[in-house]
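Coordinate inspection notes
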Amino acid sequence: MVLISAARDYITRMLQDISGMKVLILDSQTVSVVSVAFSQSELLQKEVFLVELVDSTSKESMSHLKAVYFLRPTSENIQHLRRQLARPRFGEYHLFFSNILKDTQIHILADSDEHEVVKQVQEFYADFVAIDPYHFTVNIPFNHAYMLPAVVDPSSLQNYCDRLVDGIAAIFLALKRRPVIRYQQASDIAKRIAQESAKLMYQQESGLFDFRRSGISPLLLIVDRRDDPVTPLLNQWTYQAMVHELIGIQDNKVDLRNIGKISKDQQEVVLSSEQDAFFKANMYENFGDLGMNIKRMVDEFQQVAKSNQSIQTIEDMAKFVDNYPEYRKMQGNVSKHVTMVTEMSKIVEEQKLMLVSQTEQELACNGGQVAAFEAVTNLLNDESISDIDRLRLVMLYALRYEKESPVQLMQLFNKLASRSAKYKPGLVQFLLKQAGVDKRTGDLYGNRDLLNIARNMARGLKGIENVYTQHQPLLFQTMESITKGRLRDVDYPFIGNHFQQGRPQDVVIFIVGGTTYEEARAVALQNASNSGTRFILGGSVVLNSKRFLKDLEEAQRIVRLSTNAV
C-alpha cells in the first residue's frame with residue numbers, strides 16, 4: 001500500500017510496452033505525477049527522447065517517433081487530442097488517461113483518428129501526486145474553493161469537488177480496493193465529497209470497483225482542513241516541513257534561484273525520500289540534530305575528496321574515473337543540503353523565528369491566557385518581526401482564546417491594524433468565521449478530552465524535550481481514535497448502510513483544503529509504530545503558512561464581492 005510504487009508501476013508499464021524512441025506528452029497535472037515518480041535520467045533509460053506539454057504549439061513533424069500521451073481525461077485535453085490527431089506529427093499515438101474516460105470521450109477520439117495513427121487507448125489510474133510513500137496530493141490550483149458557501153460560486157465548488165473525487169477514486173483503483181467511507185459530520189464539503197465518491201464507486205461497482213476480497217475493507221475518512229487551522233499556521237522545525245515553510249517545495253523540487261550565488265546545477269534541486277538517502281534518513285529530524293548530521297556528512301565527503309586527491313598511479317586514476325559519477329553525486333548532495341540549511345539558518349536569525357516560534361508553540365499547546373497576551377503584544381511591538389508573523393500570532397491567539405478574552409482580542413486587532421501595513425484584523429475575523437470553535441469537530445486544544453489534559457499536564461511536569469516541536473496536529477488524535485476503535489459515529493458518520501466490522505488495517509485520511517508536512521510526519525511515525533493499522537494521508541494541496549493564508553485571503557475577497565453584489 002505504498003503510493004509511489006503504484007504510480008511508478010503504471011508509468012513503467014506505459015513506457016516499457018512501447019519499444020523504440022518516444023516522446024512523452026503530458027498536461028499541467030500529469031507532469032507533476034511523472035516528475036515525482038521518475039527522474040529525467042530514468043525516463044531517458046526508457047527511451048523517452050523528449051517531453052512536451054499537450055498544449056504546446058509545436059508543428060515540427062517527427063514521424064520517426066512514437067507519441068505516448070499521459071493525460072487527465074478532461075474536455076480540454078480531449079479537444080487538444082482531437083486537433084492533434086487531425087494533423088499527426090508522430091508515427092504512432094499511444095493514449096493513456098489517468099482516470100476514467102467517459103463513453104462520449106472515447107467516441108470523440110475514435111472519430112478523430114481518421115489517419116489511423118492511434119495504436120491503443122488505456123486508463124492507468126495515477127491521478128494523484130505521490131510525494132512520499134504514504135502522502136499524496138491532487139495539486140488543485142483553486143484550493144480556496146473549499147471555504148466558499150455553495151451559493152457564492154456553485155460551478156467553481158462543483159469543479160473543486162469533481163477534481164477531489166477523481167483523485168480519491170484513482171487512489172483506490174490504484175490500490176485495487178473499495179473502501180468504507182466516513183466523513184466529518186460538521187463539514188458540508190466533506191459530506192459532499194464523501195457522498196459523490198460513494199456514488200461514483202457504486203456506479204462503477206460491476207466494473208472498476210468490483211474488488212472481491214475477503215477481510216476488512218479499508219477506511220476512507222474525509223475531513224475538513226478548518227477542523228485544525230493551527231497546524232498550517234505554525235513555523236516548522238523538522239527538515240522537510242521547515243524547507244517547505246521557509247523556502248517552498250513543489251512536486252519534491254526546491255527552487256533555490258533567489259538565494260544568492262549558487263551553481264547552475266543547484267538552482268533547482270530534488271528533495272525526494274526515494275532518490276536521496278540522506279534526506280530519507282533526516283526528513284523528520286529536528287533542526288538541531290539535522291545540523292550535526294549534515295556536519296557528519298560533510299566530514300565523510302571531505303575524507304572521500306582527500307583520498308581522491310592522492311592519485312599517484314595509473315591504477316589510482318582509473319579507480320577515480322570508475323567512481324567519478326558516485327563522487328559527483330555525493331558532491332552534489334552535500335552541496336544541496338548545506339545550501340538549504342545555511343539559507344534556513346539565515347532566515348531563522350533574520351526573522352527572529354526562534355522567538356516567534358516559542359510563543360506559537362505556547363499558544364498551540366499550553367494554557368495561560370495572560371502570559372500569552374503579554375507575549376503576543378511584545379512581539380507585535382518588536383520592529384524586527386515580519387508582518388506575516390504578526391498576523392499568524394494574532395490568529396493563533398484568536399483561535400485559542402476567542403471565547404475567553406474578547407477585550408484583549410480587540411486590543412490585539414487594533415495593534416495589528418496599526419503595526420502591519422499589509423494584513424488587517426478582518427482576515428483574522430474571517431478565519432474565526434471559517435474555523436472558530438463553533439465550527440470545529442475535533443478537540444483541537446485537548447480541552448474536552450481527559451486523556452489529553454492528563455498527557456499535557458505530565459508533559460508540563462517533565463519539561464519539553466524540544467520546545468519548538470511539542471505541537472502535535474489534530475490528525476494524531478484522529479489516528480489514535482481509529483486504531484483504538486474510538487472514532488465516534490456521531491462526529492464521523494458512515495455513508496450509506498455501511499459500517500466497519502473490526503478495526504481497519506488500511507486507512508486513507510483525506511483532508512479537504514490541504515495537508516501539511518507536519519501531518520505527513522505524524523503519519524510516518526504512526527506507521528512505524530506497528531499499531532496494526534497503516535495510514536495514507538492525502539489532500540487537495542500541500543500547505544505551508546503562506547499558502548494557507550493566500551487561500552484564506554482569496555476566499556475572503558470572493559465572499560466580500562458576492563456580499564457587495566447583493
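Up top you'll find the structure we're talking about.
Residues numbered from 1 in each chain as written. Predicted model: local features only at pLDDT ≥ 70, side-chain atom pairs only at ≥ 80, totals over all residues. Heavy atoms only, no water.

For the rest of this paragraph, the subject is the pairing of strand β1 (residues 22-26). Within β1, 5 of the 5 residues are buried, which leaves the element mostly enclosed by the surrounding structure. Burial of the side chains of β1 extends over both faces: K22, L24 and L26 are buried on one face and V23 and I25 on the other. Where β1 meets strand β3 (residues 62-71), 5 bridges bridge the pair, whose relative direction is parallel. Counterpart to L24 in the pairing with β3 is V68. Taken together, the 5 bridges between β1 and strand β2 (residues 48-53) define a ladder with parallel strand orientation. Along β2, the bridge assignment pairs L26 with L53. (Buried < 20%, exposed > 50% of the residue type's maximum accessible area, 1.4 Å probe, protein only. Helix = DSSP H or I, 4+ residues; strand = E, 2+ residues; numbered from the N terminus. Pairing = 2+ DSSP bridges.)

Computed from the structure, the largest pocket encloses a volume of approximately 1,600 Å³. The wall of the largest pocket is formed by 49 residues, among which S39, Q40, S41, V270 and Q275 lie closest to the centre. The element contributing the most residues to the lining of the largest pocket is helix α11 (residues 314-350), with 11 residues. Partitioned by chemical class, the residues of the lining of the largest pocket number 22 nonpolar, 15 polar and 12 charged. Reported here for the second largest pocket is a volume of approximately 1,000 Å³. Around the second largest pocket sit 32 residues that line it, and R72, P73, T74, D162 and D166 are the ones nearest its centre. (1 Å grid on protein atoms, 1.4 Å probe; cavity = no way out; pocket = protein on both sides within 12 Å on 5 of 7 lines; lining within 4 Å. Points joined across faces, edges and corners; volume = space filled by probe spheres on them. Nonpolar A, V, L, I, M, F, W, Y, C, P; charged D, E, K, R; others polar.)

Under the definition given, this model contains 27 salt bridges. Among the ionic pairs, R89 bridges to E52, the shortest N-O distance being 3.2 Å. Placement of the pair is R89 in the loop between α4 (75-86) and β4 (90-97) and E52 in strand β2, with a sequence separation of 37 residues. Just as R89 is buried, E52 falls in that class too. A salt bridge links R547 to D551, with the nearest nitrogen and oxygen atoms 3.1 Å apart. (Salt bridge = Lys/Arg side-chain N within 4 Å of Asp/Glu carboxyl O.)

The 6 strands are arranged β6-β7-β13-β12-β9-β8 in an open sheet whose pairing can be described as mixed. Both outer strands of the open sheet, β6 (129-132) and β8 (180-183), are each paired with one neighbouring strand and no more. Here the average twist between neighbouring strands, direction ignored, is 25 degrees. (Axes fitted to C-alpha atoms, helices over the stretch in contact; angles between N-to-C directions.)

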